[in-house]
Amino acid sequence: MKTKPFAITLDPGSSLANRTGSWRTVRPEYIDRLPPCNHACPAGENIQGWLFHAESGHYEEAWRVLTQDNPLPAVMGRVCYHPCETACNRAQLDESVGINAIERFIGDEALRCRWKFAPPLSATGKRVLIVGAGPSGLSAAYQLARLGHAVAIREAGPAPGGMMRFGIPKYRLPRAVLDAEIQRILDLGVALELDSRVANVLDAMRRGGFDAVFLAVGAHIAKRAYIPAGSASKMLDAISVLRSMEGGERPLLGRRVVVYGGGNTAFDMARTAKRLGAEESIIIYRRTREKMPAHESELEEALQEGVLVKWLSTIRQAGESSITVEKMQLDARGNAQPTGEFETLEADSVVLALGQDVDLSLLDGVPGLEVQDGVAKVGLDMMTGHPGIFAGGDMIRGERTVTVGIGHGKLAARNIDAWLRGATWVHPASHEFASFDKLNTWYYSDAPKSRQPVLDTIRRQSTFEEVVGSFDEFTAQFEARRCLSCGNCFECDNCYGVCPDNAVIKLGPGQRYEFNYDYCKGCGLCVAECPCGAIRTVPEEI
Amino acid sequence: MTYQPIRFYQTGTFTVGNRLLPDDQRSVQANMRRTNSLNSGHRACQGCGEALGARYAIDAAMEATNRQLVAANATGCLEVFSTPYPETSWQIPWIHSLFGNAAAVATGIAAAMRVKGRDDVRVVAQGGDGGTNDIGFGCLSGMFERNDDVLYICYDNEGYMNTGVQRSSATPPAARTNTTMPLGESAGNRFGQGKYLPAIAMAHDIPYVATATVAELHDLEAKVRRAMEFRGARYIHILVPCPLGWGHGSAETIKIARLAKETGLFPVLEAEGGKLTNVSKIKKKLPVEEYLRPQQRFAHLFRDPPRRDVIDRIQQMADRNILRYRLLEDVERRA
């Protein structure tokens, strides 16, 4: 026996022999929660996922993650009304993260560097017809082509893009950006036929030997309102005027233009009229600012450019160079009611922007296919009542934006792919929601939101140059780093640091952490001090 | 300023680590190969602030001294929970002698190292507020006065916790302990003159004095690193909340420490050669009530009717700290 000092009978031991994990009544667990931005995105983008790469300056990786869900980031970064930013938790701290502007930077970076989509690994031998080359059709074509299906798009118009080209003005979406992003989808081997109207779906499917079809014809027929009008009055509809902006000849609207309606199209129309030389561009809308369907940013930008808005007003009569407007008031239920008060406004032309209907004639005689409220009816799987015919975008029920259309295209593609394989696509289970109260915001330093540069007002009133400018790389990265990473570990080492018992094991970069339950006493410090709410406590079975 | 926050990174550098920061700006605690000086299996309570503070400080000291460190420990929680015979949680050379002589033992080790010509080996003495403010005060003052080459670290949990929560001279006014029960007119610990040891240490004009809390790791590590750049007597006073003695949730240890600083009750500062050189500004000033209310030891102040007079007196203490140490940005501007 080894000699020990006086009065010592045991060899020195390590406290590791004392498994303090047995003290625990609750245990911490790492989880991933669903961040509000991802939750709100109509295109189902993994926003936080691509911001993570952008924070590190890895823009190509960010772009690859982004384009898993949306093939048009440079377009989206310009025209999306960004519900993600409305939902952003950071808005409760200072201001939301400028997701839209970062998306635009990444999209532009991809175009500048000419990054290409990875081609499919193998062909499935299945053929899918897509009717309409708008956002929804292009999105579905992209997703299906990446899954190895042969895709053909038939477009009735002279150029692809749908409302992105024929509805959204150039000052919001330069056509070079649109063309380049569409071309990248076509480079995947998608066949595009222009000026090719599909009159009968079943016929087209049979003759082309297609296994499935995705309908995304959009909503192009302007709604009319009955307005008594003199023979000399000039009445136009906004959809036709905006479409004609793509042609060589500019529409003649006169010096005083009145736009009737309160949607995004009405604002695009009024701003276009201003640029075409109208001295006065006035929007007449029968309800209030709070009730208008147009997005607030459209209104703000229109007002900056000198567009005038008359709320609570309807057009009762249109004459040669003037219109009669009746004032409205809201009743108890919030509906606009006439007051009997009239006024006369000078107007060289009246442009109607009262919404659009869908031309559903191509669906005539398709067995099983149902039409409801002027739109095609689809199930949760985006399939119409006729097997193999799917539909999306503006021609089905839902909000009519580019982003929603892209989301429909992706969802339809996944279901079409499953259907072609004789399977059913099941939406993966969502994580629990990462609400603001799950965060420990003490750890986030103050950082004001970055602003995009804006064109001079004078040039906004006379040219079709793009109004909103891009971020430079520094600003884009700064803005990306404002992301709080709600609900998902971003490896800040806080849990690893704050554990008084060294019971958190750091697994290394990109590998996150593990709990050592042999020693974790269940104090909950890691849960309380996790900035982003990626740890939860669960009761221990005792 | 010893520590400059970097504002461009997702969470600044307030978090323990940050994947976007270069290695030299990350904390010692973020390192996968940190010493873990105080290892798992120790018998400290759930959420112990002292266990956390001790690992933070000693790991940083190990890093700063190239792992050539000896520690002398006073009696107290830290000693009892880390070394029940024959086990130890310490992964450094460590010695415990008596309650009151940690500073003297450390002085002896430093002298021995000097005799052996080992100027690479550095010495740390550590203890709780009982071993520092009360029982070991004479030895500590002597160590300061002789300017012995020792870094003394006090983990202040404001009472004798391991013997069952008794009052020490660091226990704040009105706090309930088992020797200052919340009975009668002056319920809890009485309002004395206080015994603010960092100021006493500064009065010795020793090379370096600093205070820190377990809520700000980067600041704490920077101060340990700075302390190791000096030879002679140095003193760091770390506020370590005690879930058991203070009566707060085990998950709230760091939050409480943060509130102590943000209310102004615990000034976080640095002094060199007896002169105040740096204070951590309050990020967002909070009333002391925010700090007092979550702690059971102050629960008697919030019964019906609440003791507004006592809360106001504690607020005055915080306000005096804020003025004296210029803890708010605008105070400095006005001055």
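Rules used in this analysis
Along each chain, numbering runs from 1 in the same order as the chain's sequence is written. Chain letters and ligand numbers both follow the written order, the letters beginning at A and the numbers at 1. Local features are withheld for residues below a pLDDT of 70 in this predicted model, meaning they are given only at 70 or higher, and side-chain atom pairs are given and counted only at 80 or more; totals for whole chains, interfaces and linings count all residues. Strands are runs of DSSP state E lasting at least two residues, helices are runs of H or I lasting at least four, and both sets are numbered from the N terminus onward. Here the contact rule is simple: place C-beta atoms from the backbone, and any two residues whose C-beta atoms are within 7 Å are in contact. Three classes are used. A residue is buried when 20 or more other C-beta atoms lie within 10 Å of its own, exposed when 12 or fewer do, and partly exposed in between, with C-beta atoms placed from the backbone. When DSSP locates at least two bridges between a pair of strands, those strands are taken to pair. The handedness of a crossover follows from its direction of travel: if, with the strands pointing away from the viewer, the path from the first strand over the helix to the second runs clockwise, the crossover is right-handed. Where each domain starts and ends comes from a domain assignment, either automatic or drawn from a database. The angle between two axes is taken between their N-to-C directions and runs from 0 to 180 degrees, where each axis is a line fitted to C-alpha atoms and a helix contributes only its stretch in contact. Given the number of residues in a helix, its expected span is that number minus one, multiplied by 1.5 Å. Roughly parallel means an angle under 35 degrees; roughly antiparallel, over 145; roughly perpendicular, 65 to 115; everything else is oblique. Each crossing gets its hand from how the near helix is turned against the far one by less than a right angle, where anticlockwise is left-handed and clockwise is right-handed. Residue polarity is assigned by list, with Asp, Glu, Lys and Arg as charged and Ala, Val, Leu, Ile, Met, Phe, Trp, Tyr, Cys and Pro as nonpolar; anything else, Gly included, falls into the polar class. What pLDDT expresses is the predictor's confidence in each residue, scored from 0 to 100. Each nonpolar core consists of buried Ala, Val, Leu, Ile, Met, Phe, Trp, Tyr and Cys residues. Their C-beta atoms, within 7 Å, join them into a set. Our arc is simply the arc of the directions from the helix axis toward the C-beta atoms.

## Overview of the overall build of chain A
Argument step 1. Across its full length, chain A holds 18 helices and 22 strands.
Argument step 2. If you line up chain A on its principal axes, its C-alpha atoms span 120 × 55 × 50 Å.
Argument step 3. Long-range contacts, defined as pairs at least 24 residues apart, comprise 72% of the intrachain contacts of chain A with a sequence gap of at least 6.

## A word on the pairing of strand 3 (residues 127-131) of chain A
Residue and element names in this part refer to chain A.
Argument step 1. The element strand 3 is largely enclosed, with a buried count of 4 among its 5 residues.
Argument step 2. Relative to strand 4 (residues 150-154), strand 3 runs parallel, the two sharing 5 bridges. The partner of Val 128 across the bridge, within strand 4, is Val 151.
Argument step 3. Between strand 3 and its parallel partner strand 4, the chain crosses via helix 7 (residues 135-146), and the hand of that crossover is right-handed.

## With respect to the environment of A:Pro169
Residue and element names in this part refer to chain A.
Argument step 1. Its location among the elements puts Pro 169 in the loop between helix 8 (163-166) and helix 9 (175-186).
Argument step 2. Each C-alpha atom, one on Pro 169 and one on Met 245, is 8.1 Å from the other, the two residues being 76 residues apart in sequence.
Argument step 3. When near neighbours in sequence (up to four residues on either side) are disregarded, Pro 169 contacts Leu 242, Met 245, Asp 268, Arg 271, Thr 272 and Phe 464.

## Looking at the domain arrangement of chain A
Residues and elements named next belong to chain A.
Argument step 1. Per the domain assignment, the segments making up chain A are domain 1 (15-32 + 489-539), domain 2 (36-115 + 439-480), domain 3 (127-220 + 358-420) and domain 4 (250-346).
Argument step 2. Computed from C-alpha coordinates alone, the two centres of domain 1 and domain 2 are separated by 33 Å.
Argument step 3. Tallying the contact residues gives 7 residues for domain 1 and 5 residues for domain 2.

## Details of unusual backbone geometry
Residues and elements named next belong to chain B.
Argument step 1. Here Tyr 85 and Pro 86 are connected by a cis peptide whose omega angle stands at 5°.
Argument step 2. Within the fold, Pro 86 resides in the loop between helix 2 (77-82) and strand 3 (87-88).
Argument step 3. The omega torsion across Asp 304 and Pro 305 is 0°, close enough to zero to call that bond cis.

## Brief notes about the sheet that holds strand 8 (residues 235-237) of chain A
Residues and elements named next belong to chain A.
Argument step 1. Ordered in space as 8-15-9-10-11, the 5 strands form an open sheet in which the pairing is parallel. One side of each edge strand has no neighbouring strand; the edge strands of this open sheet are strand 8 and strand 11 (308-310). With direction set aside, neighbouring strand axes in the sheet form an average angle of 25°.
Argument step 2. When strand 10 (residues 280-284) meets strand 11, the two strands line up parallel, connected through 3 bridges.

## Observations regarding the interface of chain B and chain A
Argument step 1. Opposite the 42 residues of chain B that make contact, chain A presents 46 residues.
Argument step 2. Among the secondary structure elements, those contributing two or more residues to the side of chain B that touches chain A are strand 1 (10-13), helix 1 (49-64), strand 3 and helix 9 (253-262) of chain B.
Argument step 3. In terms of residue count, the dominant contributor to the side of chain B that touches chain A is helix 9 of chain B (4 residues).

## Observations regarding helix 7 of chain A
Residues and elements named next belong to chain A.
Argument step 1. Compared with the 16 Å implied by 1.5 Å per residue over 12 residues, the 16 Å span of helix 7 between its first and last C-alpha is a close match.
Argument step 2. Across the 12 residues of helix 7, 12 count as buried, placing the element largely inside the fold.
Argument step 3. What helix 7 keeps buried is the set Pro 135, Ser 136, Gly 137, Leu 138, Ser 139, Ala 140, Ala 141, Tyr 142, Gln 143, Leu 144, Ala 145 and Arg 146.
Argument step 4. Among the structural elements, strand 3, strand 4, helix 8, helix 9, strand 6 (212-215) and helix 14 (402-420) are those in contact with the buried residues of helix 7.

## Some thoughts on the sheet that holds strand 3 of chain A
All names here are of chain A.
Argument step 1. Strand order in the open sheet formed by 5 strands is 5-4-3-6-19, and the pairing between neighbours is parallel. With partners counted over all chains shown, the strands left at the sheet margins are strand 5 (191-193) and strand 19 (389-391), one partner each. Sheet twist, expressed as the mean angle between neighbouring strand axes with direction ignored, is 20°.
Argument step 2. Pairing geometry for strand 3 and strand 6, over 4 bridges, is parallel. When the bridges of strand 6 are listed, Val 128 appears paired with Ala 212.
Argument step 3. Along the sheet face, helix 7 touches strand 3, strand 4 and strand 6 and points at about 165° away from the line of strand 4.
Argument step 4. In this fold helix 14 packs onto strand 3, strand 6 and strand 19, with an angle of close to 165° to the strand it touches most, strand 6.

## Some words on the pairing of strand 6 (residues 151-156) of chain B
Residues in a regular strand project their side chains so that they alternate between the two faces of the sheet.
All names here are of chain B.
Argument step 1. Among the 6 residues of strand 6, 6 are classified as buried, and the element is accordingly described as predominantly covered.
Argument step 2. Judged by which residues are buried, strand 6 turns out to be covered on both faces: Leu 151, Ile 153 and Tyr 155 on one side and Tyr 152, Cys 154 and Asp 156 on the other are all buried.
Argument step 3. With 6 bridges connecting them, strand 6 and strand 8 (residues 234-239) associate as parallel partners. Directly across from Asp 156, in strand 8, lies its bridge partner Leu 239.

## Some remarks on the packing of helix 6 (residues 99-113) of chain A against helix 16 (residues 473-480) of chain A
Residue and element names in this part refer to chain A.
Argument step 1. It is the contact of helix 6 with helix 16, at a shortest axis distance of 10 Å, that shows an interaxial angle of 135°. On the basis of the axis angle, helix 6 is oblique to helix 16. Of the two possible hands of crossing, helix 6 and helix 16 adopt the one that is left-handed. Along the contact surface, helix 6 presents Ala 101, Ile 102 and Phe 105, while helix 16 presents Ala 476, Glu 479 and Ala 480.
Argument step 2. Considering only residue class, the contact of helix 6 with helix 16 consists of 5 nonpolar, no polar and 1 charged.

## Description of the confidence of the model for chain B
Argument step 1. Averaged over all residues, the pLDDT of chain B is 93; the fraction at 70 or higher stands at 96%.
Argument step 2. Both confidence scores are given for the complex: pTM 0.89, ipTM 0.93.

## Brief notes about the nonpolar core
Argument step 1. Grouped together as the largest cluster of nonpolar side chains are 243 residues, with contacts concentrated most on A:Val213, A:Leu215 and A:Val259.
Argument step 2. Considering each element in turn, this core owes the most residues, 9 residues, to helix 1 of chain B.
Argument step 3. Look past the residues within four positions of A:Val259 in its chain and what remains in contact with it is A:Ala238, A:Ala266, A:Met269, A:Ala270, A:Ala273, A:Ser281, A:Ile283, A:Val351 and A:Ala353.

## As for helix 11 (residues 308-325) of chain B
Residues and elements named next belong to chain B.
Argument step 1. Between the first and last C-alpha of helix 11 there are 25 Å, a value that for 18 residues agrees with the 26 Å anticipated at 1.5 Å per step.
Argument step 2. Restricting attention to buried positions, one finds in helix 11 the residues Ile 314, Ala 318 and Asn 321. Looking straight down helix 11, one finds that the buried residues subtend no more than 55° of arc, so they occupy a single side. Looking at helix 11, the residues exposed on the side facing more than 90 degrees away from the buried face are Arg 308, Asp 309, Asp 312, Gln 316 and Arg 320.
Argument step 3. Residues of helix 11 that are buried sit in contact with helix 10 (288-292).
Argument step 4. Note on helix 11: the residue one or two positions beyond its end, Arg 326, has a positive phi of about 50°.

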